[in-house]
Amino acid sequence: MTAVTPELGEVARSDAALRAFLHGLPGVDQVGAEQRAAMLGTRSIKTIAKAWALELAIRMVDLTTLEGADTPGKVRALCAKARRPDPGDASCPAVAAVCVYPAMVGVAAQHLRGSGVHVASVATAFPSGQAPLAVKLADTEAAVRDGADEIDMVINRGAFLSGRYLAVYDEIVAVRAACGGAHLKVILETGELATYDNVRRASWLAMLAGADFIKTSTGKVQPAATLPVTLVMLEAVRDFRAATGRVIGVKPAGGIRTAKDAIKYLVLVNETAGEDWLHPDRFRFGASTLLNDLLMQRSRMATGRYAGPDYFTLD
């Protein structure tokens, strides 16, 4: 197979060519990346800028439930919250998407129809990715058929870490085809990749294969999303656009629980990839509990006091 970007057309013709390209990417300065992320994490924003950031962060949330005990009733309640996060304030924006297992896509699609909130579904044997390709493709096709317009797939980390890059590439290409018109988010599971260099290589590999978004984590492995890892991924999408003209989104997921955390990520986005990525089409938060704190902080800025802990529904 050839790469999807003409400018890099020869990269994925063979395992050797792909390996040479990925290992030829500039190495990540671990100390520098961690220091820069820590420095940007100390930035603070005030008043009008903070209110704008809270609204934007709400619009960027992929409200997620990925538990074995999920029920149609829980998904319906989550969809209602996604459409109207603050029942007492009609001006509060809706979230970007609701993310569920494929078995719950039909329920979510029914309750989000016409709302503008996307239906996202994890697929490809989430979270391990350990299944035959035919099963992964069937998983993806079923989710899209039932109404998912975004698919979050997991890469085969075993293949990636053993250097079988073309196998990972070909699998992403196949899932991309199975998505049809749905957007594809490729989960790198950065907590298992061990090094920032591997995060950069996996980011480029996923983008070359046709990802619309690259995503840090399943949320089932620790560490999940971190500022330094997200910095490396933002640098990758920035450099990929410079090389190809294609714009790829980034989605940190797992462990982002407070408005303060979310604002740190927005500062990181602005200072690394630029203002173009400060949009739900280009940056998302994968989260289950983050939304409540965003809503509490938004309410405090509007009223001057915090809402009670039971004011917003618990997810």
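Bear in mind the structure is a predicted one, so any value in this text is a computation, not a measurement.

Undergrad: Explanation requested: the side chain of Lys215 in the structure shown.
TA: Structurally, Lys215 is set in strand 6 (residues 213–215). Within the structure, the side chain of Lys215 is placed 2.9 Å from the side chain of Asp152, a separation counted as a polar contact. For Lys215, the contacting residues outside a window of four places in its chain are Asp152, Val186, Ile187, Leu188, Glu189, Met233, Lys251 and Ala253.

Undergrad: I keep staring at the pairing of strand 3 (residues 118–123) and nothing clicks. Help me out?
TA: Along a regular strand, successive side chains alternate from one face of the sheet to the other. Counting buried positions along strand 3 yields 5 of 6 residues, so the element is predominantly enclosed. In this sheet, strand 3 lies alongside strand 2 (residues 97–100) in parallel orientation, the contact comprising 4 bridges. Paired with Val98 across the strands is Val119, a residue of strand 3. Taken together, strand 2, helix 5 (residues 105–112) and strand 3 constitute a β-α-β crossover, and its handedness is right-handed. Bridge analysis of strand 3 against strand 4 (residues 150–154) gives 4 bridges, and the strand direction is parallel. By the bridge assignment, Ala123 is partnered in strand 4 with Met153. In the classification by handedness, the crossover that spans strand 3, the intervening helix 6 (residues 133–145) and the parallel strand 4 is right-handed.

Undergrad: Help me understand the nonpolar core in this model?
TA: A general tendency of soluble globular proteins is for nonpolar side chains to be buried together. Formed by 97 residues in total, the largest nonpolar core has its most connected members in Leu18, Ile172, Val186, Leu266, Phe283, Phe285 and Leu294. Contacts of Phe283, omitting those with residues within four sequence positions, involve Met60, Phe213, Thr230, Leu234, Val250, Pro252, Tyr265, Leu266, Val269 and Trp277. Counting 8 residues, the second largest nonpolar core, distinct from the first, contains Leu66, Ala97, Cys99 and Phe126.

Undergrad: Would you mind going over the state of the cysteines with me for this structure?
TA: Among covalent bonds in proteins, the disulfide is the one between the sulfur atoms of two cysteines. Within the structure shown, the criterion is met by 0 disulfides. Among the cysteines around Cys79, which has no disulfide bond, Cys99 carries the closest sulfur, lying 11 Å off. By relative accessible area, which is 1% here, Cys79 ends up buried. Of the cysteine sulfurs around Cys179, a residue in no disulfide, the closest is that of Cys99, at 13 Å. The exposure class of Cys179 is buried, given its relative accessible area of 0%.

Definitions and limits used
- Residues numbered from 1 in each chain as written.
- Predicted model: local features only at pLDDT ≥ 70, side-chain atom pairs only at ≥ 80, totals over all residues.
- Heavy atoms only, no water.
- Helix = DSSP H or I, 4+ residues; strand = E, 2+ residues; numbered from the N terminus.
- Polar contact = N/O pair within 3.5 Å; in protein donor to acceptor, adjacent residues only side chain to side chain.
- Contact = heavy atoms within 4.5 Å.
- Buried < 20%, exposed > 50% of the residue type's maximum accessible area, 1.4 Å probe, protein only.
- Pairing = 2+ DSSP bridges.
- Right-handed = clockwise from strand over helix to strand, strands pointing away.
- Core = buried A, V, L, I, M, F, W, Y, C linked by side-chain atoms within 4.5 Å.
- Disulfide = S-S within 2.5 Å.

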